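Fold and geometry: a report
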Amino acid sequence: MWQRSALTRSLSDHPVGKDPQAMRTGQRQNKGMRTRLGCLSHKSDSCSDFTAILPDKPNRALKRLSTEEATRWADSFDVLLSHKYGVAAFRAFLKTEFSEENLEFWLACEEFKKTRSTAKLVSKAHRIFEEFVDVQAPREVNIDFQTREATRKNMQEPSLTCFDQAQGKVHSLMEKDSYPRFLRSKMYLDLLSQSQRRLS
């Protein structure tokens, strides 16, 4: 059995825009997430305790995911992305397919759009580009050459919309490809089943 502990990464904990010390702290916290996702390794997409993948806030008890909430994730991809537990479950699923960089890029872009400081905007834009978009980036996303080059040109004068085209392509890819597989996965079906059992 896993022991519950304060978790890893919420949308506000994304490394984009953080200082190196905070990033190292986040990496240490991520070890806990990897441990808690151990049930998803070895080509498995099931999880014996769905609470292990749900985001938690420090000093607060883990919220129980309702069957109604989990069922709504199947309404649309955007409904899934609007729910923090949905994002956590989808991230866990993508890890089993070694494609979590797509979601991480999408989340980084969403966080980037909230940037208000011009100075920070430029540095964040280059950081995201170097991490996800550039050729042979550490977590390179799967986008076409034209989109990559258009985004590269946007880096000359970064703005809040400089990643819109690339983000849209990645969103579409996840929606058409990974999202349907997630809804059919044993992990999601187990999650629904366990949330129903908790109510009975």
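Residues numbered from 1 in each chain as written. Predicted model: local features only at pLDDT ≥ 70, side-chain atom pairs only at ≥ 80, totals over all residues. Heavy atoms only, no water.

**Description of the overall build of the protein**
Looking only at helices and strands, the protein features nine helices and zero strands. Each helix and strand of the protein, ordered N terminal to C terminal, gives the series α-α-α-α-α-α-α-α-α. Expressed as a percentage of the 200 residues in the protein, the buried residues total 45%. Across the protein, the fraction of contacts at a sequence separation of at least 24, relative to all contacts at a separation of at least 6, is 64%. With the model as given, the accessible surface of the protein reaches about 11,000 Å², and the carbon-plus-sulfur share is 50%. (Helix = DSSP H or I, 4+ residues; strand = E, 2+ residues; numbered from the N terminus. Buried < 20%, exposed > 50% of the residue type's maximum accessible area, 1.4 Å probe, protein only. Contact = heavy atoms within 4.5 Å. Areas by Shrake-Rupley, 256 points an atom, 1.4 Å probe, with all protein chains shown as cover.)

**Points about the environment of Thr-96**
Secondary-structure assignment places Thr-96 in helix H4 (residues 84-96). A distance of 2.5 Å separates a polar atom in the side chain of Thr-96 from the backbone oxygen of Phe-93. (Polar contact = N/O pair within 3.5 Å; in protein donor to acceptor, adjacent residues only side chain to side chain.)

**Examining the nonpolar core**
The biggest cluster of nonpolar side chains holds 40 residues, and the ones touching the most others in it are Trp-73, Phe-90, Leu-103, Phe-105, Phe-163, Met-174 and Phe-182. Only helix H3 (77-81), H4, helix H5 (100-112), helix H6 (118-133), helix H8 (164-184) and helix H9 (186-199) provide two or more residues apiece to this core. Filtering out sequence-adjacent residues up to four positions away, Phe-90 remains in contact with Phe-77, Leu-80, Leu-103, Met-174, Ser-178, Tyr-179 and Phe-182. (Core = buried A, V, L, I, M, F, W, Y, C linked by side-chain atoms within 4.5 Å.)

**Describing the packing of aromatic side chains**
A complete count under the given rule lists nine aromatic pairs for this structure. Residues Phe-93 and Phe-182 carry aromatic rings whose centres are separated by 5.7 Å and whose planes lie at 65° to one another, so their mutual orientation is edge-to-face. Of this pair, Phe-93 sits in helix H4 while Phe-182 sits in helix H8, placing them 89 residues apart in sequence. With respect to burial, Phe-93 and Phe-182 carry one shared label: buried. (Phe/Tyr/Trp six-rings, centres within 6.5 Å; stacked < 30°, edge-to-face > 60°.)

**Brief notes about H5**
Compared with the 18 Å implied by 1.5 Å per residue over 13 residues, the 18 Å span of H5 between its first and last C-alpha is a close match. Taken across its 13 residues, H5 has ten buried, putting it largely inside the fold. Within H5 the residues assigned to the buried category are Glu-101, Asn-102, Leu-103, Glu-104, Phe-105, Trp-106, Leu-107, Ala-108, Cys-109 and Phe-112. Turning to H5, the residues buried within the fold contact H3, H4, H6 and H8. (Expected span 1.5 Å × (residues − 1).)

**Re the pattern of salt bridges**
With the rule as written, the count across this model stands at 13 salt bridges. Measuring nitrogen to oxygen at the nearest pair gives 2.6 Å for the salt bridge that ties Glu-104 to Arg-91. Taken together, the residues Glu-104 in helix H5 and Arg-91 in helix H4 connect sequence positions 13 residues apart. For Glu-104, a relative accessible area of 1% gives the class buried. (Salt bridge = Lys/Arg side-chain N within 4 Å of Asp/Glu carboxyl O.)

**A short note on the packing of H4 against H5**
Two numbers describe how H4 lies on H5: the axes approach to 8 Å, and their chain directions differ by 145°. Residues Val-87, Phe-90, Arg-91, Leu-94 and Lys-95 of H4 lie in contact with H5, whose contacting residues are Glu-100, Leu-103, Glu-104 and Leu-107. Among the residues forming the contact of H4 with H5, the class breakdown is five nonpolar, no polar and four charged. (Axes fitted to C-alpha atoms, helices over the stretch in contact; angles between N-to-C directions. Nonpolar A, V, L, I, M, F, W, Y, C, P; charged D, E, K, R; others polar.)

**Thoughts on the state of the cysteines**
If you walk through the whole model with that rule in mind, you get zero disulfides. Here Cys-162 stays free of any disulfide, with the sulfur of Cys-109 as its closest cysteine sulfur at 7.9 Å. When its relative accessible area of 3% is taken as the criterion, Cys-162 is described as buried. (Disulfide = S-S within 2.5 Å.)

**A short note on unusual backbone geometry**
For Phe-98, which is not glycine, the phi torsion reads 55° and is therefore positive. Tracing the backbone shows Phe-98 in the loop between H4 and H5. Residues other than glycine seldom take positive phi values, yet Gln-136 does so here, at roughly 60°. Following the sequence through the fold, Gln-136 ends up in the loop between H6 and helix H7 (145-154).

Keep in mind that these numbers describe shape and distance, not what the molecule does.
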